[in-house]
Amino acid sequence: MTLTYRQWLCYGVGHVFNDLCASMWFSYFVLYFHRVNNFTNSLVGILMFIGQFVDAVCTPLVGLESDRSLTGVWNYGRRKSWHLIGCLGVAVSFPFVFNLCIQCDKAPDWSQMFYYVPFVAIFQCGWAATQISHMALAPDLTDKDSERVSLYAIRNTFYIIAGIFVYLATFLLLHESAGEQKISLEDSPTFRTLTLIVLAFGGLCCLIFHLGLEEPKRVRHVSTYGPELCNVCGENTTKCTNPCTCLGEDGATSKPIISQPKIWRDWLKDKRFYQVAGLYMSARLVMNVGQVYMPLYVSESLELDKTFVAIIPLIVLISAFFSAFIVKTLITRVGVKLAYFLGTIFILGACNWMMFGKIGLYVIGPAILIGCGNSTLNVASQSFMAQLIGQHTNSGAFVVGSMSFCDKLANGLVILLIQQFQPCIRCCIYCNNYYKHVMVYGPGLACLLSLSILLIITFQDFTSNYKLKKPLLNTERIEGNSNIQHEKERSSDDNTGLLI
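About the cut-offs
- Residues numbered from 1 in each chain as written.
- Predicted model: local features only at pLDDT ≥ 70, side-chain atom pairs only at ≥ 80, totals over all residues.
- Heavy atoms only, no water.
- Helix = DSSP H or I, 4+ residues; strand = E, 2+ residues; numbered from the N terminus.
- Buried < 20%, exposed > 50% of the residue type's maximum accessible area, 1.4 Å probe, protein only.
- Areas by Shrake-Rupley, 256 points an atom, 1.4 Å probe, with all protein chains shown as cover.
- Contact = heavy atoms within 4.5 Å.
- Phe/Tyr/Trp six-rings, centres within 6.5 Å; stacked < 30°, edge-to-face > 60°.
- Patch = residues over 30% accessible without salt bridge, like charges linked within 9 Å, V, L, I, M, F, W, Y side chains within 5 Å.
- Salt bridge = Lys/Arg side-chain N within 4 Å of Asp/Glu carboxyl O.
- pLDDT = per-residue confidence, 0-100.
- Core = buried A, V, L, I, M, F, W, Y, C linked by side-chain atoms within 4.5 Å.
- Expected span 1.5 Å × (residues − 1).
- Bend = angle between axes of the 7 residues up to and from the residue.

Caption draft 1: Geometry of the overall build of the chain. The helix and strand inventory of the chain stands at 16 helices and two strands. Taking all 500 residues of the chain together, the buried fraction comes to 57%. About 21100 Å² of surface is accessible on the chain, with carbon and sulfur atoms providing 66% of the total.

As structure tokens, then:
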């Protein structure tokens, strides 16, 4: 069944609250605790790592519990129930993260860190629950590869819109505030006001999502070791006595017969699972490391006015916004692998540009390239994930949660190491070149890692004993009874590779 415009819109806004908070978390967390709270670089890295670690642990657990449930809390839906729980967790904790320590702002840094840890942990647990449930909902809404890719593209578009909203609000608030040219303690009210704006707008988007989108009812499958199910009529294939019901009146079907549904143990034995996890993790490293350190690069390395900590990330997202409109077409025309490759080329081009010392306002050029690369990598990596899940939506949340586990743990470790190797305890002249090197080598090395994984996948496809017949986004109908058996064989775990 084709999705309606209402379903497209409501699904798109369902992750906006998370995206608003994520834009603040990744873009301004290190800057805020470094410049406003005046924490040491080491403590900032530890606090960021704690948040990422909690997020990483929660994601697969939420995925398992979401997959295990049939109807969710009070029959509200297994995905929407976790989404609502996550939104409530974010709402009650996030305002305390970007606020000075209440009644303890004069205390030592290490004691203030323990004040922030519970709020960071609750925020990250809630964020994980919302993210995983929302991503896992897309395969539940439709079984068409083209519509799943479109849902992720819309999700990416609203992520960009949410980021633009945050950076515009930040620019306006910083532009109106008086004080020093750089971010300082005097800007604390600005971040507090920004947090409240995010909370109000994000809450409205969550309300639209929960009131406007109905989650499809889940059909209980037999045990993984039970009989095969016909994915058209849901009957045991050994008892399916009326093929016309499955094939339709014209003897054709757009749904293959698949083997027994996978559970989490099956995914851990599949090498494709780890390859896609590597691609997704690399893409997220490129995006998040760049997002965290771009404001510091602009402020410390380029020594631009404090309003540029909002202007340059805004340019990145505007570039990503316009790129998002052509990413789906790009994947359709050239395939997801080549699209992912082009995304890494954009990022590597930006890294080479930023190597040339203090480029000043010419940083707009790398910002545009980063936006194009981020948008392409984000949609392509999620398309790889949706293709991997395929018809195995019964364990889709576990796949999404596991990918996010790798992504968040890697991000936390990388940022922790960057902060630990910072040459200054708080801030000094050595910060200038350090953040430039972070922006060049951080995303650059992540791109090289993703290219090596992509090369391995491509080599495997060319040397495979079975020719791949179904490209990504292929929605053509499979004609006749004879081809159904081919579809069944193609769904076999041993014979299926990553699609082009």
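Picking up after the structure, the text goes on.
Caption draft 2: Up close: helix 1 (residues 5–13). Within the sequence span of helix 1, burial applies to Gln7, Trp8, Cys10, Tyr11, Gly12 and Val13. Summarising the contacts, the buried residues of helix 1 are in contact with helix 2 (16–36), helix 5 (109–141), helix 6 (145–176) and helix 7 (188–212).

Caption draft 3: Representation of the packing of aromatic side chains. All chains considered together, the criterion is met by 26 aromatic pairs. When the ring of tyrosine 434 is compared with that of tyrosine 435, the centres are 5.8 Å apart and the planes differ by 70°; the resulting orientation is edge-to-face. Summarising the burial analysis for this pair, tyrosine 434 and tyrosine 435 share the class buried.

Caption draft 4: Structural context of a nonpolar patch on the surface. Taken together, the side chains of Trp353, Met355, Phe356, Tyr362, Tyr441, Leu445 and Leu448 present a nonpolar region at the surface, about 830 Å² in accessible area. Counting residues per element, the nonpolar patch draws most heavily on helix 15 (residues 431–462), at three residues. By the secondary structure assignment, tyrosine 441 is in helix 15. Residue classification places tyrosine 441 among the partly exposed residues on the basis of a relative accessible area of 45%.

Caption draft 5: Quick peek at the confidence of the model for the chain. Confidence along the chain averages 78 in pLDDT terms, with 80% of residues attaining 70 or more. Counting interchain partners and residues more than four positions distant, the pLDDT-below-50 stretch residues 220–258 has 67 contacts. In the model, residues 465–500 has pLDDT below 50 throughout and makes 69 contacts with residues more than four positions away in sequence or in other chains.

Caption draft 6: Region of interest: the nonpolar core. In terms of nonpolar packing, the biggest core is built from 134 residues, with Tyr28, Phe29, Phe98, Tyr293, Tyr297, Met385 and Met403 touching the most fellow members. When residues in this core are grouped by element, the largest group, 17 residues, is from helix 10 (residues 271–301). If we skip the residues at most four places from it in the chain, tyrosine 28 touches Ser23, Phe98, Val166, Tyr167, Thr170, Phe191, Pro295, Val309 and Ala310.

Caption draft 7: Quick peek at helix 11 (residues 308–334). Between its first and last C-alpha, helix 11 extends 36 Å over 27 residues, near the 39 Å set by a 1.5 Å rise per residue. Taking the largest bend as the criterion, helix 11 deviates by roughly 40°, centred on alanine 324. Where helix 11 terminates, the next one or two residues include glycine 335, which has phi positive at roughly 95°.

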